Amino acid sequence: MSLIFDRWRWQPPAHVQRITTLEMHTGGEPLRIFTSGLPELPGDTVLDKRRHFRDHFDHLRTATMWEPRGHSDMYGAVITPSRDADLDVFFLHNEGYSTMCGHAIIAITTLAFETGLIERSGERRELTLNVPAGRIHAIAHMDGERVKYVSFRNVPSFVYRRDQHVEVPGLGRVRFDIAYGGAFYAIVDAAPLELTLAPSEFNRLIDLGRRIKHAVMASVPIEHPFESDLGFLYGTIFTGPAQEPGHHSRNVCIFADGEVDRSPTGSGVSARAALHYARGELAVDTSITIESILGSTMAVRIAEATQFGPHAAVVPEVSGTAHITGRNELYLDPDDPLGRGFNFR
């Protein structure tokens, strides 16, 4: 086939906007990292930059996350220079913008040191990132010039509400907890809903996750202790028993507008660690391994107990692995009637 294109010299027309990306996944969860083609983003903080992008360039989110260039479960990261860290990063998805993303932290740290984006040496290479939820400290654990795995210390994580109930249309009374791990989640036991968290339940998990999320949003106001932009319910996490010996449990996170996290969810396992600690089920300096819907895993360890505003909190340390899957050059043609994307979720 290469012979057909050997003499091919086509270039996209000058009026077409080009955006290049690097494609990665963490435990199966995709990450589209923008490497060129986005506008300059003014602002002193990540939240300033995210607000500017949201207010002026949200069409670039829909064009790159939604079909035909993406899909309902696509996820993205915008990396910008930082005044006081290695990188400033914010995150995109089918509904809008995340406050924190553990799978993206693991992928970006892998990218930084496997591709030479950040030049450091040694078996443990540190990276600091400002994200909307706060400052993240990550470490790439190296095998030569390959990243074996990444660990990162998340923002303080805490339980917001315990042992709550809500009436959910079509389900009745559902018990839930709300915990924060950089984003707020409603955490629900899968067994009473007759869920096993298997891949075959994909569509039902989306349906129930969305219904529970909206019912909780209608019944419980969410307030972040310091930043109003972070005060919203991001998703529903269903929890159940592990399917592999030696693992603590399995969970599936349904976030944004019905996106299914293929990974165990870095901010989600942080929220769960805070909940287990509050229940007396997990101690400081203790680690558990949590499975995703695919069986991929993340480990979470409580590094320390702390206070976060009015909340007793913990600092979770999350670890996992990521892989580079390819590069893309995307074209945004202003004459394309579907150029800004569409979404069927």
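Everything numeric in this text was worked out from a predicted model, so none of it was measured. (Residues numbered from 1 in each chain as written. Predicted model: local features only at pLDDT ≥ 70, side-chain atom pairs only at ≥ 80, totals over all residues. Heavy atoms only, no water.)

Q: Is there a simple way to explain the overall build of the protein in this structure?
A: When you go through the protein residue by residue, the secondary structure sums to five helices and 18 strands. For 345 residues, the compact-globule estimate of 2.2 N^0.38 gives 20 Å, and the protein sits close to it at 20 Å. Buried residues in the protein amount to 54% of all 345 residues. If you take every contact in the protein between residues at least 6 apart in sequence, the share linking residues at least 24 apart comes to 63%. (Helix = DSSP H or I, 4+ residues; strand = E, 2+ residues; numbered from the N terminus. Rg over C-alpha atoms; globule rule 2.2 N^0.38 Å. Buried < 20%, exposed > 50% of the residue type's maximum accessible area, 1.4 Å probe, protein only. Contact = heavy atoms within 4.5 Å.)

Q: So what exactly am I meant to see when it comes to the domain arrangement of the protein here?
A: A common measure of how large an interface is: the accessible area buried when the components associate. Split by domain assignment, the protein resolves into domain 1 (17-138 + 324-331) and domain 2 (157-322). Domain 1 and domain 2 are separated by 23 Å when their C-alpha centres are compared. Counting residues at the interface gives 27 residues for domain 1, matched by 30 residues for domain 2. Carbon and sulfur atoms supply 52% of the area that domain 1 and domain 2 bury against each other, a total of about 2,000 Å² over both sides. On the domain 1 side of the interface with domain 2, the three residues burying the most area are Asp 73, Thr 99 and Ile 106, jointly 25% of the side's total. Viewed at the interface, domain 2 and domain 1 are joined by three salt bridges. (Domains from an automatic or database assignment. Buried area = accessible area lost by both parts, 1.4 Å probe. Salt bridge = Lys/Arg side-chain N within 4 Å of Asp/Glu carboxyl O.)

Q: Whenever I open this one, the pattern of salt bridges confuses me. Can you help?
A: Side chains carrying opposite charge are able to pair once their charged atoms draw close together. Summed over all chains, the structure comprises 25 salt bridges. One salt bridge in this structure joins Glu 329 and Arg 18, with 3.9 Å as the shortest N-O distance. With Glu 329 in strand β18 (residues 322-332) and Arg 18 in strand β1 (residues 17-26), this residue pair connects regions lying 311 residues apart in the sequence. Taking the relative accessible area as the measure of exposure, Glu 329 reaches 36% and is therefore partly exposed. Relative accessible area serves as the criterion here: at 35%, Arg 18 is assigned to the partly exposed category. Among the salt bridges present, the one from Asp 84 reaches Arg 135, with a minimum N-O distance of 3.2 Å. Taken together, the residues span a long stretch of sequence, with Asp 84 in the loop between β3 (76-80) and β4 (87-92) and Arg 135 in strand β7 (residues 134-143) at a distance of 51 residues.

Q: What am I meant to see in the pairing of strand β15 (residues 287-291) here?
A: As a general feature of sheets, a regular strand has side chains that alternate between the two faces. Relative to β15, strand β13 (residues 249-255) runs parallel, the two being bridged by two bridges. Bridge assignment links Arg 250 to a residue of β15, and that residue is Glu 291. In this sheet, strand β16 (residues 297-308) lies alongside β15 in antiparallel orientation, the contact comprising five bridges. Counterpart to Thr 289 in the pairing with β16 is Ala 299. Adjacent in sequence and paired antiparallel, β15 and β16 are bridged by five residues, among which Gly 295 carries a positive phi angle near 90°. (Pairing = 2+ DSSP bridges.)

Q: Just to check I follow, could you spell out the pairing of β3 for this structure?
A: Counting buried positions along β3 yields four of five residues, so the element is predominantly enclosed. In terms of strand pairing, strand β2 (residues 29-36) meets β3 through two bridges, oriented parallel. Each bridged residue has a counterpart across the sheet, and for Arg 32 the counterpart in β3 is Gly 76. Of the pairings in the sheet, the one linking β3 to β4 comprises five bridges and is antiparallel in character. When the sheet's bridge partners are listed, Thr 80 is paired in β4 with Asp 88. What sits between the antiparallel neighbours β3 and β4 is a turn of six residues.

Q: Teacher, can you tell me more about the side chain of Lys 213 here?
A: Summarising the element assignment, Lys 213 is placed in helix α4 (residues 202-219). Polar side-chain contacts of Lys 213 include one of 3.3 Å to the backbone oxygen of Tyr 234. A polar contact is formed between the side chain of Lys 213 and the backbone oxygen of Ala 256, at a distance of 2.9 Å. For Lys 213, the contacting residues outside a window of four places in its chain are Glu 95, Leu 233, Tyr 234, Gly 235, Thr 236 and Ala 256. (Polar contact = N/O pair within 3.5 Å; in protein donor to acceptor, adjacent residues only side chain to side chain.)

Q: Explain empty space enclosed by the protein here, please?
A: Over the atoms, a rolling probe the size of a water molecule traces out where space has been left empty. Summed over all chains, the structure comprises one cavity of 30 Å³ or more. The wall of the largest cavity is formed by 13 residues, among which Cys 101, His 103, Asp 261, Thr 265 and Ser 267 lie closest to the centre. For the lining of the largest cavity, the secondary structure elements donating two or more residues are α3 (102-114), β13 and α5 (266-278). Considered class by class, the residues forming the lining of the largest cavity number seven nonpolar, five polar and one charged. (1 Å grid on protein atoms, 1.4 Å probe; cavity = no way out; pocket = protein on both sides within 12 Å on 5 of 7 lines; lining within 4 Å. Points joined across faces, edges and corners; volume = space filled by probe spheres on them. Nonpolar A, V, L, I, M, F, W, Y, C, P; charged D, E, K, R; others polar.)

Q: Please explain the nonpolar core as it appears in this structure.
A: Burial of nonpolar side chains together is a common tendency in soluble globular proteins. Within the largest apolar cluster, 89 residues are counted, with the highest numbers of intra-cluster contacts made by Phe 91, Ile 105, Ile 108, Leu 129, Val 131, Val 216 and Phe 238. The residues touching Ile 105, leaving out its near neighbours within four places in the chain, are Phe 91, Met 100, Leu 129, Val 131, Ile 136, Ala 138 and Phe 152. Counting 16 residues, the second largest nonpolar core, distinct from the first, contains Leu 41, Leu 60, Ala 63 and Leu 92. (Core = buried A, V, L, I, M, F, W, Y, C linked by side-chain atoms within 4.5 Å.)

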